[in-house]
Amino acid sequence: MLVSFLFLLLISDEVHCEQNCSYQDVLNYLNLSGNNELYSMTRPVKNYKNPTQVSLEVLLYAILDVVEKDQKFIPYVWTVTRWNNEHISWDPNQFCGIDNVSLPSEILWKPDLTIEEMTEKDKAPPSPYLTINNKGDVEVQNDQVLVSTCRMHIYKFPFDIQSCNLTFKSIIHTAREIRLQPSDNSSEATEWSREVMRTQYEWLFINMTVTANNASELTDQDMIIYTITMERRSLLYIVNFLLPVLFFLCLDLASFMISDYGGEKLSFKVTVLLAITVLQLILNEILPSSSNQVPLIATYCIVVFALMMLSLLETIFVMHLREKGSRETQRDTHDWTQGGFNYNVSSSETGEVAPGAEEDRHNKLTGNCYTLERLSDELRAMEKTLTLFLKSKKEDKTSGYWTRVAKRVDKFFFLFYVILVLLLLILIFLEWKSD
């Protein structure tokens, strides 16, 4: 009977303990409130000579944007900061096993970490709560949309690989007061970031490198550098930019099959040249103006533009040669026609017929007229034959010469143009793919 009573008393005590244990009991035990300056005003150490060990973990959730023109990198990251508060400790057995408590973040002191590359303040509100455990470990988790500066190397755009840094350090505390260290290595940070990655948009995440720069002097500051390496998805630029430029170049090559007579070929080449100019203006809006090297894609456009300009000049020169030959042919033919044959029968040769011999000579006159008509027809045929013969001879000496020159120039330039295009394109694409 006594054993049963003691057992019931023990159970009632446990139930009473469980019913009366709360987080507020822990806070009351610690005397932890918003008015207690012990926890919020100063660095939480009992001896000021002891530095606060702060560990940092960063996970990459998304690559939201990379603005080449402004050289901005906008990632969405999740940060976890941990440190120890020497003023906080309790025995969980005295509080029904409670070993951690969530508090408003403004109650406790927090390390003043900042990001060197950040150019705009994070507009997202910080986490309103932090977590403490019975050993005094404090943990703060925050998600941040960072607008940071990043030095872009766009020489191989759009086949480029970019590396952007996020450098965490304290604003005012030196290594004597805060020792900053990463809680994960590069392989862990890369693996965990890939697991939680939500979206990458234009960029493909490759890896994240964690580098801890410990201060050699206590007056310096510890820094942790997270280097995010990413590769651009180039398919969209190939389809929307590189291929259209290449197609315009092929059209320019095909224009050699258009006749040089008239202005159709010249108008076609000018139109294609203007199209390349429009694409260059679009490219100018994408690439930053502060680049130290001329990007290969700009070189690609300039080379194509120069080739088309050279082709246009060659067309103008060939048209000039053909026009020159045509003008000389027309002038020489006109001069020769003005000096052609004229058949006139003088009145003295016909004479006057005597009245008495009119009937006798009628038949003879009729025969002479028939003979003269036949002679006139033969002379006209001879004149036409001579005119065509002399004209063809003259064309061989004038128009034929310039036509042959124009054809030779056109053929030689076409072969030179094709070889030059192939060589330059091969060199540019090999440079694009080189390491």
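Structural data are supplied above this passage.
Residues numbered from 1 in each chain as written. Predicted model: local features only at pLDDT ≥ 70, side-chain atom pairs only at ≥ 80, totals over all residues. Heavy atoms only, no water.

Before going further, it helps to spend a moment on helix H2 (residues 23-30). Taken as a whole, H2 has its buried residues at Val26, Leu27 and Leu30. Angular distribution of buried residues about the axis of H2 spans 95°; they occupy a single face of the element. Close packing links the buried residues of H2 with helix H3 (37-40), strand S3 (100-104) and strand S6 (129-133). Positive phi appears at Asn31, one or two residues downstream of H2, with a value of about 55°. (Buried < 20%, exposed > 50% of the residue type's maximum accessible area, 1.4 Å probe, protein only. Helix = DSSP H or I, 4+ residues; strand = E, 2+ residues; numbered from the N terminus. Arc of directions from axis to C-beta. Contact = heavy atoms within 4.5 Å.)

Turning to the nonpolar core, a few remarks are in order. Within the largest apolar cluster, 77 residues are counted, with the highest numbers of intra-cluster contacts made by Leu32, Leu108, Ile132, Tyr226 and Tyr300. Look past the residues within four positions of Tyr300 in its chain and what remains in contact with it is Leu242, Val245, Leu246, Leu425, Ile428, Phe429 and Trp432. (Core = buried A, V, L, I, M, F, W, Y, C linked by side-chain atoms within 4.5 Å.)

Below, the discussion takes up the sheet that holds strand S9 (residues 161-170). In space, the four strands of this open sheet follow the order S4-S9-S12-S11, with antiparallel pairing throughout. What marks the edges here is a single partner per strand, and that holds for strand S4 (113-115) and strand S11 (203-213). Pairs of neighbouring strands in the sheet enclose a mean axial angle of 20°, with direction left out of account. Sheet topology places S4 next to S9; three bridges connect them, and they run antiparallel. Paired with Ile115 across the strands is Phe168, a residue of S9. (Pairing = 2+ DSSP bridges. Axes fitted to C-alpha atoms, helices over the stretch in contact; angles between N-to-C directions.)

Taken as a whole, this structure holds 15 aromatic pairs when the rule is applied. An angle of 65° between the planes, with centres 6.1 Å apart, marks the rings of Tyr300 and Phe429 as edge-to-face. Placement of the pair is Tyr300 in helix H7 (residues 296-338) and Phe429 in helix H10 (residues 399-433), with a sequence separation of 129 residues. We classify Tyr300 as buried; its relative accessible area is 1%. Members of the aromatic cluster, connected to one another through ring pairs, are Phe256, Phe413, Phe414, Phe416 and Tyr417. Residue placement shows Lys269 over the ring face of Phe256; its charged tip is 4.6 Å from the ring centre. Between Lys433 and the ring centre of Phe159, over which it is positioned, the NZ or CZ distance is 4.4 Å. (Phe/Tyr/Trp six-rings, centres within 6.5 Å; stacked < 30°, edge-to-face > 60°. Lys NZ or Arg CZ within 6 Å of the ring centre and 35° of its normal.)

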